[in-house]
Amino acid sequence: MDFENAPKDGDITLEQDGLKLFVDAMSSMYLQGVTVDYVVGLQGAGFKFNNPNAKSTCGCGSSFQA
């Protein structure tokens, strides 16, 4: 994941509440049904991904198996 100012050729653009998200075509097939939230908690702030297609995840929450 990276911060971008504009989409690249072939990117899908999603927008909600003024926030734009650019997704490349290859990644889009892995993101079907995924929700993204920005959370603030005791351990800091960051993006939280909820992937209902993941069959298992690691303890860090950064990787999964589909």
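Just so you know, these numbers come straight off a predicted model, no measurement behind them.

K.L.:
Please set out a nonpolar patch on the surface residue by residue, giving values where relevant.
P.N.:
On the surface, Met1, Phe3, Val36, Tyr38, Val40, Phe47 and Phe49 cluster together to form a nonpolar patch covering roughly 850 Å² of accessible area. Elements that contribute at least two residues to the nonpolar patch include exactly β3 (35–41) and β4 (44–50). With three residues, β3 is the single largest residue contributor to the nonpolar patch. Relative to the helices and strands, Val40 resides in strand β3.

K.L.:
How would you explain the pairing of strand β1 (residues 12–16) if you had to name every residue and give the values?
P.N.:
One ladder, built from five bridges, connects β1 with strand β2 (residues 19–23); its direction is antiparallel. Residue pairing for β2: Leu14 is matched across the bridge by Leu21. Between the antiparallel neighbours β1 and β2 lie two residues, among them Asp17 with a positive phi of about 50 degrees.

Procedures and definitions
Residues numbered from 1 in each chain as written. Predicted model: local features only at pLDDT ≥ 70, side-chain atom pairs only at ≥ 80, totals over all residues. Heavy atoms only, no water. Patch = residues over 30% accessible without salt bridge, like charges linked within 9 Å, V, L, I, M, F, W, Y side chains within 5 Å. Areas by Shrake-Rupley, 256 points an atom, 1.4 Å probe, with all protein chains shown as cover. Salt bridge = Lys/Arg side-chain N within 4 Å of Asp/Glu carboxyl O. Helix = DSSP H or I, 4+ residues; strand = E, 2+ residues; numbered from the N terminus. Pairing = 2+ DSSP bridges.

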